[in-house]
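# Working through the structure, step by step
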Amino acid sequence: MFLIRKRRISYTVLLLLLISAQDIFCQSKNVSIEDYKELVINGEIIYLPVYPKNNLLLTNPVFEDSIMKDDIVDEFSIGWNNQRFNPYRDEKVSFPFRLSFDSENFSNPVSRKMVVTSRYGWRRGRPHQGIDIDLQVGDSVRSILGGKVRYARYHGGHGNTIVVRHHNGLETVYAHLSKFLVKENDKIEKGHVIAKGGITGNARGSHLHLEVRYHGRSINPEYLFEFNEDAEIRSDVLYVTRKWTTPRYHKSTRKSNIVIHETIDDIVAFQEQQQKTYTVRKGDTLHRIANRHGLAVSEICKINAIKYNSVLKIGQEIIIN
């Protein structure tokens, strides 16, 4: 970070300001752009224009490398903790939040065809915060994206667990492992073999439990990734709403209906289309309505501007999102 007139300014903002100044200068000299160089800074993709030699103001590789290294160090130092599975326990996430990816594909996390045996969602009265992928004990487990190993140790019901943090702030969790092949603070590439599959912790048969988290909040992995032969990342830019970080909205026995939000406008349009109402019937309570629609009572109260102990009337319309 830099201080300009006692205000903090990030490397990303500074770089954009310098690029703008560079464009104005080169346009005044009638210098044309030869190409674009893609930079990934703090999970954001920035395209740096490349001008002919001696006309580019930002061609100094030392300057460029220093921006990349400083921002990567900053990204991996936020909440970095090798002892705690979730170092963001007291942090609140604002919705929707934006994620960006610098690749169209991810690596298959297992050494066989990806078969999802249990999905993100409500399962046996408890939240299942990841997906289970079939494997055999001893199978290789790979990191789906490049990054750095933050956590590699035994963790409660997860058993032997590895947490990898990635350049866009996401963390992926690999659980029930039988053997670690990396150690904490190791830098790894996409597809790097990090462990052997197993059955440690609270596991019913051998499988890989895979979670995707952002600042401590689990995300339905299937909203971000297409778990098929192509192993596609659904979009280079995604906005994540509360729905995709709340297991109660989903069932572990079936795949959720995936609707991607690439812009804020997408979210607004989707919510307008999806807004539904429920007409209160005899015997209904807020708890009963909430359970029927996979919602929390607090959410229904907030949407409808009513209190937790409000008395419902037969025929009353309740907004259900």
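Our next topic: the overall build of the protein chain. Broken down by element type, the protein chain carries six helices and 22 strands. The buried share of the protein chain, taken over its 321 residues, is 45%. For the protein chain, contacts bridging at least 24 residues in sequence account for 64% of all contacts bridging at least 6. Approximately 17,700 Å² of the protein chain is accessible, and the part contributed by carbon and sulfur atoms is 48%.

Those residues of helix α6 (residues 297-304) that fall on the buried side of the exposure criterion are Val297, Glu299, Ile300, Cys301 and Asn304. Where α6 terminates, the next one or two residues include alanine 305, which has phi positive at roughly 55 degrees.

In terms of nonpolar packing, the biggest core is built from 41 residues, with Ile162, Tyr174, Leu224 and Phe225 touching the most fellow members. By residue number, the principal contributor to this core is strand β16 (residues 207-214), which donates four residues. By size, the runner-up hydrophobic cluster in this structure holds 12 residues, among which are Val280, Leu286, Ile300 and Cys301.

Time to look at the confidence of the model for the protein chain. Parts of the prediction with low pLDDT should not have their coordinates interpreted in detail. Averaged over all residues, the pLDDT of the protein chain equals 84, while 76% of them reach at least 70. Contacts of residues 1-9 to residues separated by more than four positions or lying in other chains number 13 contacts, the stretch itself having pLDDT below 50. Across residues 55-73 the pLDDT falls below 50, and counting only partners more than four positions away or on other chains, this stretch makes 31 contacts in the model.

Moving on, we get to the layout of surface pockets. Approximately 670 Å³ is the volume found for the second largest pocket. Along its surface, the second largest pocket is lined by 21 residues, and Arg123, Arg126, Pro127, His128 and Asn202 are the ones closest to its centre. For the lining of the second largest pocket, the secondary-structure elements that each account for two or more residues are β8 (126-128) and β16. The element best represented in the lining of the second largest pocket is β16, accounting for four residues. Across the lining of the second largest pocket, the residue classes break down as three nonpolar, 11 polar and seven charged.

For the rest of this paragraph, the subject is the side chain of asparagine 160. You can see asparagine 160 is positioned in strand β12 (residues 159-166). For asparagine 160, a relative accessible area of 16% translates into the label buried. In this structure, asparagine 160 is in contact with Arg153, Tyr154, Tyr174, Ala175, His176, Leu177, Ser178, Phe180 and Thr200, ignoring residues within four places of it in sequence.

By the definition in use, this model includes 11 salt bridges. Where arginine 165 meets glutamate 171, a salt bridge forms, and the shortest distance between an N and an O atom there is 2.9 Å. What makes arginine 165 buried here is its relative accessible area of 1%. With a shortest N-O distance of 3.4 Å, lysine 255 and glutamate 226 are connected by a salt bridge. Residue lysine 255 is found in the loop between β20 (237-240) and α4 (264-274), and its partner glutamate 226 is found in strand β18 (residues 225-226); the two are separated by 29 residues along the sequence.

Turning our eyes to something else, we now look at unusual backbone geometry. Of note, the bond from phenylalanine 95 into proline 96 is cis; its omega dihedral lies within 30 degrees of zero at -10 degrees. In this structure, proline 96 sits in the loop between α2 (61-77) and β5 (97-100). Even without glycine at this site, histidine 176 takes up a positive phi of about 70 degrees. Looking at where histidine 176 falls in the secondary structure, it is placed in strand β13 (residues 170-180).

Okay, empty space enclosed by the protein next. Going through the model one piece at a time under the given rule, you end up with two cavities of 30 Å³ or more. As a volume, the second largest cavity reaches approximately 30 Å³. Taken together, Phe85, Asn86, Pro87, Tyr88, Arg150, Glu171, Arg213 and Gly216 form the lining of the second largest cavity. Residues belonging to the lining of the second largest cavity are distributed by class as follows: three nonpolar, two polar and three charged.

Together, Glu104, Glu229, Asp230, Glu232, Asp236 and Glu262 line one region of the surface with negative charge. By the secondary structure assignment, glutamate 229 is in the loop between β18 and β19 (232-233).

About the thresholds
- Numbering of residues begins from 1 in every chain and follows the order in which that chain's sequence is written.
- For a predicted model such as this one, the threshold for reporting local features is a pLDDT of at least 70, and the threshold for listing and counting side-chain atom pairs is 80 or more; totals across whole chains, interfaces and linings nevertheless cover every residue.
- Hydrogens and waters are ignored; side-chain quantities use all the structure's heavy atoms.
- Helical segments are the DSSP runs of H or I of at least four residues, strand segments are the runs of E of at least two, and each set is numbered from the N terminus.
- Under the scheme applied here, a residue whose accessible area is under 20% of the maximum for its type counts as buried, over 50% as exposed, and between as partly exposed, the area being computed with a 1.4 Å probe on protein chains only.
- Pairs of residues are marked as contacts when any of their non-hydrogen atoms sit within 4.5 Å.
- Residue burial considers only the protein chains on display, and all accessible areas are found by Shrake-Rupley using a 1.4 Å probe.
- Here the nonpolar core consists of buried residues drawn from Ala, Val, Leu, Ile, Met, Phe, Trp, Tyr and Cys, with membership extended through side-chain atoms lying within 4.5 Å.
- The predictor attaches a confidence to each residue, called pLDDT, with possible values from 0 through 100.
- Whether a set of points on the 1 Å grid over the protein atoms alone is a cavity depends on a 1.4 Å probe fitting there but being unable to get out, while an open set qualifies as a pocket with protein on both sides within 12 Å along at least five of seven lines; lining residues are those with an atom within 4 Å of a point.
- Grid points are joined across faces, edges and corners, and a volume is the space filled by probe spheres set on the points.
- Residues are grouped as follows: nonpolar covers Ala, Val, Leu, Ile, Met, Phe, Trp, Tyr, Cys and Pro; charged covers Asp, Glu, Lys and Arg; every other residue, Gly included, is treated as polar.
- Take a side-chain nitrogen of Lys or Arg and a carboxyl oxygen of Asp or Glu: if they are within 4 Å of each other, that pair is a salt bridge.
- Only residues above 30% relative accessible area that lack a salt bridge enter a patch, with like-charged residues linked at up to 9 Å and the nonpolar side chains Val, Leu, Ile, Met, Phe, Trp and Tyr linked at up to 5 Å.
- Residues counted as positive are Lys and Arg, residues counted as negative are Asp and Glu, and His and the chain ends are not counted.
- The atoms used to mark charge sites are NZ of Lys, CZ of Arg, CG of Asp and CD of Glu.

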